[in-house]
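# Overview (structure and organization)
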Amino acid sequence: MDPFPPFTGGASLLLSFRVQKRTVLIIGGDALAASRAYTSLEADADVVVLVRGGLQVVCDELQWRAHQGQLSVLDWDELSSDNRADDVCRDIISLDGYLARTPVSLVCVTGTLSPAHSSRTRSLAPRIARICRAYRIPVNVADMPTLCDFYFASTHRFVDPSTGTKSPMQLGVTANGEGCRLASRIRREAVAALPKEIGGAVMSIGQLRRLAREHERETEGCGATEETNTSDLDIEGASGDAEDTCVNTPNQPVPIRRTDDSESAAEAVRRRMRWVAQVSEYWPISRLAALTEPEMRTMLSGSIGLPSMGQHAHRGEASQLPLQTSQHGLEHIVPSVPYNERGRILLVGSGPGHPSLLTLATHSALTKHADLVLSDKLVPSAVLELIPRHVEVRIARKFPGNADGAQMEMMEAALEGARRGLTVVRLKQGDPIVYGRAGEEVLYFRSHGFEPLVVPGVSSALAAPTFAGIPVTQRGVAEAFIVCTGVGRQGKEVHLPGYERSRTLLILMGVARLSEVVGALLGCSPLDAASISEDDSKREGRREGKPYPPNTPIAIIERGSMHDQRVLVSTLADVCTALESLGAQRPPGMIVVGWAVLALHGHGDVRVLEEGEGSDEERVRRWLGGRRWNVTEGVSEEWAAL
């Protein structure tokens, strides 16, 4: 049994290669050379075009760009005065000399497809490639993949539709030389399927990150430098907001932050960057694109609430009135009806995420009755898009360390709206009663004279396992199930139930704390289930009952019911290593522990209780196919028809 999943060769190493102020040499003057030049100029490279005959023989676009001073065109004949050799040898000698005295980062050879130059360029190409490799310069030769060190992906650069400005967001598709035309088609279809505001959203997040660093520099200027250093200004890798250095989850546990807590400059920037990670993960793309600098600064200053979503904001004269802002930055609702009309509050569950799983009552509340929607951050965009555009929508910023403040902010906003006569929909993921804090909201609203209507939703605790092919109960395998949370109030540890072979354990909000959860269930470190450490007594204290066997099946279901659902199945002994190997997590996620995880796999295994523990090792081996874990992606295509 391999300890880790095997790799499959044949792919390319996809990189975002930075070529600012570096020289890209393009050998050729045809339309493809112009395309390569344009791509390189967009990356701020210094472009040099090398072609026999110089400026007079290149295509119109290259001539124009040369006249504009955007690139340089060199005549191959003028690189060398050695007329003793034949044309091919002279060209190679002159290229060798040019590369010896000029720092070049990339070389692109394009004339291999041009009818006028194809034969000569194709004969030169192998020798050009050898010279480039001698100077350790990566080379690309059009239509000759065996000579290529790299390929050009089929790319698209997104535009911010509100300004028409090109954004830093790019999408690239490569078939690794096997199907360029098909790669272009796939790229076009992928771009068409993405939100049009994606470019603006990336620009907003970029500005938000720069403002976070600006805040730190301002703090340092006030003398708070004793705990900061240069690395703190580039904190993305520690905060979950980088492309390739981020931690695996934006929900990394942090201490609860109170208004009277002091924090160093380094702690402040880490907190702000975690908030940026949360915003990037949860907010709708359209809302990110509409962020203004004042909203960003309000967020970074420590606020929690969120102003109205741009496309759902109330229109008319009322929207022009000055807004009062609470201590958390949540705008007070502008009155749209007289105060003497009594409103109402609906606590509504939106289900696990897939819009087709909304109940009729929830759908009606959102599309027919709501004047104001106060949504939790986990409610997906696909559900929010069902809300009519004239309805105001606000999303809670329940960032790590700020959940209690954000919760109170949303309750106050709901009460304020109801007092004005609005129908306020407090929208929650799953079922509002299952770890949705609906109970405290019921009591709060009741104490202020409003009896809210609680609209049940399909709980993700039950729906997500179903989407993953896991029955929480199954005759012969699981006779009962328990739903619990992986984190207590204000981040405190919770006590997990002990092992019972016939019971399924469902843990919500525990994936970000997987190591702690698994350690408590095993009673020892999940990284070394066979040994005992001095911390094991603490782990035992987090579990009520006997420990779980290390070979107990476990599933981690991320974004259950959504198109990008991911399900990891393993054992308690290996699941932490497995999750780490997958890279970035996809919140929200839940954990399923117990023999029900394997009950419906393949031909099924429903004799777990009958056969007893003696068959467990073989049962697990057969289920995982001899591997330590398996991963599946997506949901059944049949859901698209529903």
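Each value, and the rule that gives it
Residues numbered from 1 in each chain as written. Predicted model: local features only at pLDDT ≥ 70, side-chain atom pairs only at ≥ 80, totals over all residues. Heavy atoms only, no water. Helix = DSSP H or I, 4+ residues; strand = E, 2+ residues; numbered from the N terminus. Buried < 20%, exposed > 50% of the residue type's maximum accessible area, 1.4 Å probe, protein only. Contact = heavy atoms within 4.5 Å. Areas by Shrake-Rupley, 256 points an atom, 1.4 Å probe, with all protein chains shown as cover. Patch = residues over 30% accessible without salt bridge, like charges linked within 9 Å, V, L, I, M, F, W, Y side chains within 5 Å. Salt bridge = Lys/Arg side-chain N within 4 Å of Asp/Glu carboxyl O. Axes fitted to C-alpha atoms, helices over the stretch in contact; angles between N-to-C directions. Parallel < 35°, antiparallel > 145°, perpendicular 65-115°, else oblique. Left-handed = near helix turned anticlockwise from the far one by under 90°. Nonpolar A, V, L, I, M, F, W, Y, C, P; charged D, E, K, R; others polar. Pairing = 2+ DSSP bridges. pLDDT = per-residue confidence, 0-100. Phe/Tyr/Trp six-rings, centres within 6.5 Å; stacked < 30°, edge-to-face > 60°. Lys NZ or Arg CZ within 6 Å of the ring centre and 35° of its normal.

A word on the overall build of the chain. Along its length, the chain carries 20 helices and 20 strands. A burial count over the chain gives 49% of its 642 residues as buried. Once local pairs closer than 6 in sequence are excluded, the contacts in the chain between residues at least 24 apart make up 68%. Summing over all exposed atoms, the chain offers an accessible surface of approximately 31,100 Å²; the carbon and sulfur share of this is 52%.

Turning to a nonpolar patch on the surface, a few remarks are in order. Where nonpolar side chains cluster on the molecular surface, the patch consists of Ile433, Val434, Tyr435 and Met509 and spans about 350 Å² of accessible area. Along the chain, Val434 falls in the loop between β11 (423-428) and α14 (438-447).

It is at 8 Å that the axes of helix α1 (residues 31-42) and helix α2 (residues 60-67) come closest, and there the two elements cross at 40°. Compared by their axis directions, α1 and α2 come out oblique. Note that α1 runs across α2; the crossing there is left-handed. Two secondary-structure elements touch here, α1 through Ala33, Ala34, Ala37, Tyr38 and Leu41 and α2 through Glu61, Leu62 and Arg65. Split by residue class, the contact of α1 with α2 holds six nonpolar, no polar and two charged.

Another point: the sheet that holds strand β13 (residues 480-485). Read across the open sheet, the six strands follow the order β13-β15-β19-β17-β18-β20; overall the sheet is mixed. Of all the strands in the sheet, the pair left with one neighbour each is β13 and β20 (630-633). Pairs of neighbouring strands in the sheet enclose a mean axial angle of 15°, with direction left out of account. Note: strand β17 (residues 553-558) against strand β18 (residues 566-571), six bridges, orientation antiparallel.

Orientation of helix α13 (residues 403-419) relative to α14, taken along the N-to-C sense of each, is 40°, at an axis distance of 11 Å. By the angle class used here, α13 and α14 are oblique. The crossing of α13 and α14 is right-handed. Where α13 approaches α14, its residues Gln407, Met408, Met411, Glu412, Ala414 and Leu415 are matched on the opposing element by Glu440, Glu441, Tyr444 and Phe445.

A separate point is the pairing of β18. Across the six residues that make up β18, a large majority, six, are buried. In β18, alternate side chains face the same way, and those of Arg566, Leu568 and Ser570 on one face and Val567, Val569 and Thr571 on the other are all buried.

What the five strands build is an open sheet, ordered β3-β2-β1-β4-β5; its pairing is parallel. Among the strands making up the open sheet, the edge pair consists of β3 (72-75) and β5 (139-141). Pairwise comparison of adjacent strand axes, ignoring direction, gives a mean angle of 20° for this sheet. In this structure, strand β1 (residues 23-27) lies alongside strand β4 (residues 106-109), joined through four bridges in parallel fashion. Its bridge partner lying in β4, Ile26 is registered against Cys108. Sheet strands in contact with α1 are β1, β2 (46-51), β4 and β5, and its direction is about 175° off that of β1.

Moving on: the pattern of salt bridges. In this structure the tally under the stated criterion is 33 salt bridges. Note that Arg622 and Asp605 form a salt bridge whose closest N and O atoms lie 3.5 Å from each other. Of this pair, Arg622 sits in helix α20 (residues 616-624) while Asp605 is found in the loop between β19 (589-593) and α19 (608-611), placing the two residues 17 residues apart along the sequence. Look at Arg622 and you get partly exposed, because its relative accessible area is 46%.

Our next topic: the confidence of the model for the chain. Looking at the chain, pLDDT values average 83 and 79% of them are 70 or higher. Of all secondary-structure elements in the chain, the lowest mean pLDDT belongs to helix α7 (residues 236-239), at 42, while β17 reaches the highest, 97. Within the model, pLDDT remains below 50 along residues 223-245, and this stretch shows 49 contacts once partners closer than five positions in the same chain are excluded. pLDDT under 50 marks residues 313-340. Its contacts with residues more than four places away, or in other chains, come to 57 contacts.

A word on the packing of aromatic side chains. A complete count under the given rule lists four aromatic pairs for this structure. Seen from their ring centres, Tyr444 and Phe445 are 5.8 Å apart, and the 70° between their planes marks the pair as edge-to-face. Residue classification places Tyr444 among the buried residues on the basis of a relative accessible area of 17%. Positioned above the aromatic ring of Trp275 is the side chain of Arg271, whose terminal nitrogen or guanidinium carbon lies 4.8 Å from the ring centre. Its end group placed over the ring of Trp595, Arg501 keeps NZ or CZ at 5.1 Å from the ring centre.

Within the secondary structure layout, Ser12 lies in the segment before β1. Ser12 sits in the partly exposed class, given a relative accessible area of 33%. Counting along the chain gives 139 residues from Ser12 to Tyr151, while the straight-line C-alpha distance between them is 8.7 Å. When residues no more than four places from it in sequence are discounted, the contact partners of Ser12 are Tyr151 and Asn176.

Looking now at helix α15 (residues 460-467). Most of α15 sits out of view: six of its eight residues are buried. For α15, the full list of buried residues reads Ser460, Ala461, Ala463, Ala464, Pro465 and Phe467. Contact partners of the buried residues in α15: β13, β15 (503-508), β17 and β19.

Across the junction of Pro587 and Pro588, the peptide omega takes the value 0°, indicating a cis bond. Relative to the helices and strands, Pro588 resides in the loop between α18 (575-581) and β19. Positive phi, normally seen in glycine, also occurs at Tyr435, with a value near 55°. The topology assignment puts Tyr435 in the loop between β11 and α14. For Tyr435, a relative accessible area of 39% puts it in the partly exposed group. Even without a glycine there, the phi angle at Arg437 is positive, about 60°.

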